[in-house]
Amino acid sequence: MRLRTWVGLLTVAVAGTVAAACGGGDDDVDMDMDMGDGMVAPVAGADLTVNLTNWAISPTTRELQSGTIKVAAVHPRDHGGHESEGGVIHQLVIGKLKPGAKHGQSQFEGLELNLTDIKVGETKTGEVELEPGEYELACLLVETDGGKTYDHYKEGMHTSITVK
Ligand SMILES: [Cu+2]
């Protein structure tokens, strides 16, 4: 029961508040509930929810209708390894792919949305107007953590979606 409440909170909350309230020490309920890899809980009210983890970008859907799209970028607490393993913050960029380009090649025609500085446990939202085409979702952060440098993009934080 309790877990369910927390899931609800997590899902609905535009997370700043929740994250702040929980701080570092949630002794009570483990917010690190393992939802399993690739399972993304959509954020209420968002047309596109994107989970940002080490090192993957997992959208709730890979096909969207063109027009105004409400985007929620979630950096869940439950993907482990935040100490000296990189991934302290993530970013979500939506860029239109150049014709014929694939994601992971940095072949953007233009950047449509950029949600930055998304800390562990946070959700950031934004709206973007997308015309039909192929788009890349990416995190372009290069981060130094524990003396090591992590290029999130090279680590695998890119994927694609289609707007119809
Ligand atoms: Cu990242």
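None of these values were measured; they are calculated from a predicted model.

A. Quick look at the environment of H90. Here H90 shows up in strand β5 (residues 89-97). Here the alpha-carbon distance between H90 and E143, two residues 53 residues apart in the chain, equals 9.4 Å. In terms of polar contacts, H90 uses its side chain to reach the side chain of N54, at 3.0 Å.

B. Main features of the coordination of the copper ion. For the copper ion, every protein donor is listed as H90 (ND1), C139 (SG), H152 (ND1) and M157 (SD), and the spread of their distances is 2.0 to 2.7 Å. Considering all 4 donor atoms around the copper ion, angles at the metal cover 87 to 141° and the coordination shape is irregular.

C. A look at the pattern of salt bridges. Tallied over the entire structure, the rule returns 3 salt bridges. K96 is the salt-bridge partner of E131, the closest N and O atoms lying 2.8 Å from each other. Here E131 is found in the loop between β7 (123-130) and β8 (133-138), whereas its partner K96 is found in strand β5, with 35 residues between them in sequence. Assessed through its relative accessible area of 14%, K96 is described here as buried.

D. Expanded view of the sheet that holds strand β3 (residues 63-64). One open sheet holds the 5 strands; their spatial order is β3-β11-β8-β5-β6, and the pairing between them is mixed. Single-partner strands in this sheet number two, and they are β3 and β6 (108-119). Here β8 runs beside strand β11 (residues 158-163); their pairing, made up of 6 bridges, is antiparallel. For Y135, the partnering residue across the bridge sits in β11 and is I161.

E. Fine view of the sheet that holds strand β4 (residues 67-74). A sheet is described by the order of its strands in space; here 4 strands give the open sequence β2-β1-β4-β7, paired in mixed fashion. Every interior strand has two partners, whereas the edge strands, β2 (56-59) and β7, have only one. Across the sheet, the mean angle separating the axes of adjacent strands is 25° when strand polarity is ignored. Sheet topology places strand β1 (residues 48-53) next to β4; 4 bridges connect them, and they run parallel. The residue bridging V50 from the neighbouring strand is A73, located in β4.

F. Representation of the packing of aromatic side chains. In the structure shown here, the tally under the stated rule is 1 aromatic pair. Relative to Y150, the ring of W55 has its centre 5.7 Å away and its plane inclined at 20°; by these criteria the two rings are stacked. Placement of W55 in the loop between β1 and β2 and of Y150 in strand β10 (residues 148-151) is noted, with a sequence separation of 95 residues between them.

Thresholds, definitions, all that
Residues numbered from 1 in each chain as written. Predicted model: local features only at pLDDT ≥ 70, side-chain atom pairs only at ≥ 80, totals over all residues. Heavy atoms only, no water. Helix = DSSP H or I, 4+ residues; strand = E, 2+ residues; numbered from the N terminus. Polar contact = N/O pair within 3.5 Å; in protein donor to acceptor, adjacent residues only side chain to side chain. Donors = N, O, S within 2.8 Å, 3.2 Å for Na, K, Ca; no water. Tetrahedral: all angles 85-135°; square planar, octahedral: opposite > 155°, others 65-115°. Salt bridge = Lys/Arg side-chain N within 4 Å of Asp/Glu carboxyl O. Buried < 20%, exposed > 50% of the residue type's maximum accessible area, 1.4 Å probe, protein only. Pairing = 2+ DSSP bridges. Axes fitted to C-alpha atoms, helices over the stretch in contact; angles between N-to-C directions. Phe/Tyr/Trp six-rings, centres within 6.5 Å; stacked < 30°, edge-to-face > 60°.

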